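This is what each chain is made of:
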Amino acid sequence: MSHTAHIPSHRKPRQRASKSALRAGVAGGFLSTIAVAGAAGPAQAEPVTQTIEMPTIASNFSAAAAASAQATQQLALDIERQADQDAAAEKAAKDAKKAHAEAVRKDEAKKKAEAAEKKAKAEAEAKERAERASRSTERTTLSASSGSSGSSSSGSSASAPSSSSSSNVSGSAASIVAFAKAQVGDAYVSGGTGPNAWDCSGLVQAAYRTANIDLPRVSQAQSTAGTQVSLDNLQPGDILYWGGAGSAYHVAIYIGGGQFVGAQNSSTGTVQRSMDYDRPTGAVRVL
């Protein structure tokens, strides 16, 4: 008997067979999993046959810079084009404003000219009315003076002019009368001396020039150019005047038959009228 037979053993019973079986099962499962994974993947990878070259940083930068430069140039062209359009629009606006101002100025000038013309016409008419009123006053005074001085010599009217007719006129007087009558209808223009526009003294001077007689130019001097004659003893060709002798403001030519021809005013022009229309103050005889 062994010397250790009496000592009880503390080891557990071996279970090698069961553990070996368990380990074999685990290993088998693991290998099975690897086998399944391998079957699910690609059977075999294809070999690489070519190399893909990637663009370099330098080429990308050059392309971007070119695009940026082109965009900048296009922007500059667009800005320049817009500036030209703005300048053209501004110039057109200024031209339109200037044309409008010029049109307004011309319209105002036209209105002023029309107003001035109307004013001048009204003043001429007012002057004519004043002259007629003055002539009427002077005529009344002269008639009263003539009536008082001639009442002792005759009871006949001293206001009736000579009955001489222009048809009986001859010589220089005929030339003067014919010229004056030929101008009837011509315009009246202050300072006018013909041939188609006259003032009162210009017409008288031109008529006498046909008889080779030079008269002074203005009515004041013409009213004293000859011998003073009475209005009841007139002859064709005598110069009639309105106002005082030496200060007359209007003259005309007596043509006979109680008629005269004179360049009256801008409204009537050169006319033939009866002395009753506007009786003169006095008369002078040059022939």
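Please refer to the structure placed before this passage.
Summarised in this report is the structure supplied together with it. Just so you know, these numbers come straight off a predicted model, no measurement behind them. (Residues numbered from 1 in each chain as written. Predicted model: local features only at pLDDT ≥ 70, side-chain atom pairs only at ≥ 80, totals over all residues. Heavy atoms only, no water.)

### Remarks on the overall build of the chain
In terms of regular secondary structure, the chain is built from five helices and eight strands. For the chain, the sequential pattern of α-helices and β-strands runs α-α-α-β-β-α-α-β-β-β-β-β-β. Within the chain, the fraction of its 287 residues that count as buried is 23%. Taking contacts inside the chain between residues at least 6 apart in sequence as the whole, the part at least 24 apart equals 59%. Total accessible area on the chain stands at roughly 19300 Å², and carbon and sulfur atoms take up 56% of it. (Helix = DSSP H or I, 4+ residues; strand = E, 2+ residues; numbered from the N terminus. Buried < 20%, exposed > 50% of the residue type's maximum accessible area, 1.4 Å probe, protein only. Contact = heavy atoms within 4.5 Å. Areas by Shrake-Rupley, 256 points an atom, 1.4 Å probe, with all protein chains shown as cover.)

### Focus on the packing of aromatic side chains
One pass over the full model with this rule turns up two aromatic pairs. With a centroid separation of 5.9 Å and 85 degrees between ring planes, the pair formed by Phe-179 and Trp-198 is classed as edge-to-face. Here Trp-198 lies in strand β2 (residues 197–198) and Phe-179 lies in helix α3 (residues 171–182), a separation of 19 residues in the sequence. Residue Phe-179 is classed as partly exposed on the basis of its relative accessible area of 21%. The ring of Tyr-277 carries Arg-273 above its face, with NZ or CZ at 5.0 Å from the centroid. (Phe/Tyr/Trp six-rings, centres within 6.5 Å; stacked < 30°, edge-to-face > 60°. Lys NZ or Arg CZ within 6 Å of the ring centre and 35° of its normal.)

### Structural notes on the side chain of Ser-201
Here Ser-201 is to be found in helix α4 (residues 200–209). Overall, Ser-201 belongs to the buried group, its relative accessible area being 5%. Looking at Ser-201, its side chain comes within polar contact range of the side chain of Arg-217, at 2.7 Å. Ignoring any residue separated from it by four or fewer positions in sequence, one finds Ser-201 in contact with Arg-217, Val-218, Ser-219, Gln-222 and Val-251. (Polar contact = N/O pair within 3.5 Å; in protein donor to acceptor, adjacent residues only side chain to side chain.)

### Quick look at the pairing of strand β6 (residues 259–265)
Burial of β6 is extensive: six of the seven residues sit out of reach of the surface. With three bridges connecting them, strand β5 (residues 250–256) and β6 associate as antiparallel partners. Within β6, the residue paired with Gly-256 across the bridge is Gln-259. Alignment of β6 against strand β7 (residues 269–274), held across six bridges, turns out to be antiparallel. Within β7, the position partnered with Phe-260 by the bridge is Arg-273. (Pairing = 2+ DSSP bridges.)

### Description of α3
Its 12 residues give α3 an end-to-end C-alpha distance of 17 Å, which sits within 8% of 16 Å, the value for a rise of 1.5 Å per residue. Regarding α3, the residues found buried are Ala-173, Ile-176, Val-177 and Ala-180. Seen along its axis, α3 keeps its buried residues to an arc of 95 degrees; they face one direction. Seen from the open side of α3, the exposed residues pointing more than 90 degrees away from its buried face are Gly-171 and Ala-182. Residues of α3 that are buried sit in contact with α4, β5 and β6. (Expected span 1.5 Å × (residues − 1). Arc of directions from axis to C-beta.)

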